[in-house]
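Coordinate inspection notes
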Amino acid sequence: MKREAQVKFHVLLTSYELVTIDQAALASIRWACLVVDEAHRLKNNQSKFFRVLNGYKIDHKLLLTGTPLQNNLEELFHLLNFLTPERFNNLEGFLEEFADISKEDQIKKLHDLLGPHMLRRLKADVFKNMPAKTELIVRVELSPMQKYGATFGVVVVS
């Protein structure tokens, strides 16, 4: 029986690239929770990132995205499939069920389905006490190297 890796941390903050590169070590850990920011990267179940994370042992998953339903229902299905593959395991059935999403009853049905899986927060609600954005532009002179490069340009031929 293969022994799980002994970890000496409570939280791991990493990048998409390192999750893939360090797949062998990270996949051996039983993760209590996974939080994926920019979850739109999981909207395609054929992507390497989707397949790598699907191979991890994860008790709880949380996806953060500003666009859960940006382009089409197939992308939404893949997000739901990543979260709960035992419930969302039939893409064709899902697309057939919501084939005419322009109908009001279909939209309500989809909202009801998504309700337990989604918390929608508006920027106006989240940033009530946030000070107004201020922008400060500081102009600086170019260095001689920057001036030289800008004057003559660089051409790369491959």
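Below, the structure is looked at part by part. All values reported here derive from a predicted model rather than from experimental measurement. (Residues numbered from 1 in each chain as written. Predicted model: local features only at pLDDT ≥ 70, side-chain atom pairs only at ≥ 80, totals over all residues. Heavy atoms only, no water.)

**Focus: the packing of aromatic side chains**
Definition in use: Stacked, tilted and edge-to-face are the three classes assigned to paired rings of Phe, Tyr and Trp, where Trp is represented by its six-membered ring and a pair needs centres within 6.5 Å; plane angles under 30 degrees give stacked, over 60 edge-to-face, the rest tilted. Numbering of helices and strands starts at the N terminus; helices are DSSP runs of H or I of at least 4 residues and strands are runs of E of at least 2. Burial classes: relative accessible area under 20% of the type maximum marks a residue as buried, over 50% as exposed, and values in between as partly exposed (1.4 Å probe, protein chains only). Put simply, a charge is over a ring when the Lys NZ or the Arg CZ is close to the ring centre, within 6 Å, and near the line of the ring normal, within 35 degrees.
Taken as a whole and assessed by the stated rule, the structure comprises six aromatic pairs. Between the aromatic rings of F50 and F82, the centroid separation amounts to 5.6 Å while the plane-to-plane angle is 65°, which identifies the pairing as edge-to-face. Remark: F82 occurs in helix α4 (residues 73–83) and F50 occurs in helix α3 (residues 48–54); sequence separation between them is 32 residues. Exposure class is identical for F50 and F82. Each is buried. Between F77 and F94 the ring centres are 5.4 Å apart and the planes differ by 50°, which places this aromatic pair in the tilted class. Of this pair, F77 sits in helix α4 while F94 sits in helix α5 (residues 91–97); the two residues are 17 residues apart in sequence, bridging distant segments of the chain. In this structure F77 comes out as buried when scored by relative accessible area, which is 4%. Put simply, the rings of F77, F88, F94 and F98 touch in pairs and so form one group of aromatic residues. One residue, R41, lies across the ring of Y16, its end atom 4.1 Å from the ring centre. K109 extends its terminal NZ or CZ atom over the ring of F98, reaching a point 6.0 Å from the ring centre.

**Comments concerning helix α6 (residues 104–114)**
Each turn of an α-helix holds 3.6 residues, which means side chains three or four residues apart point in the same direction. Rule in force here: What the arc measures is the spread of directions leading from the helix axis to the C-beta atoms.
Buried residues of α6: Q106, L110, L113 and L114, and no others. Seen along its axis, α6 keeps its buried residues to an arc of 95°; they face one direction. Exposed side of α6, more than 90 degrees from the buried face: E104, D105, K108 and H111 are the residues found there.

**Points about the environment of Q106**
This is how the line gets drawn: Two residues form a contact once any of their heavy atoms are found within 4.5 Å.
Note on placement: Q106 falls in helix α6. Non-local contacts of Q106, meaning those with residues more than four positions away in its chain, are made with E97, F98, A99, D100 and I101.

**Brief notes about the pattern of salt bridges**
Operational definition: A side-chain nitrogen of Lys or Arg and a carboxyl oxygen of Asp or Glu constitute a salt bridge if their distance falls within 4 Å.
This model, assessed by the stated rule, comprises four salt bridges. Note that K108 and D112 form a salt bridge whose closest N and O atoms lie 2.9 Å from each other. Of this pair, K108 and D112 both sit in helix α6, four residues apart, which is roughly one turn of the helix. Residue D112 is classed as partly exposed on the basis of its relative accessible area, which comes to 47%.

**Structural notes on the pairing of strand β1 (residues 30–36)**
Our working rule: Any two strands with at least two DSSP-identified bridges between them are counted as paired. The crossover handedness rule: strands pointing away from the viewer, path from first strand over the helix to second strand clockwise, crossover right-handed.
Sheet topology places β1 next to strand β2 (residues 57–63); six bridges connect them, and they run parallel. The residue of β2 that forms the bridge with W31 is I58. In this fold, the crossover linking β1 to β2 by way of α3 has right-handed handedness.

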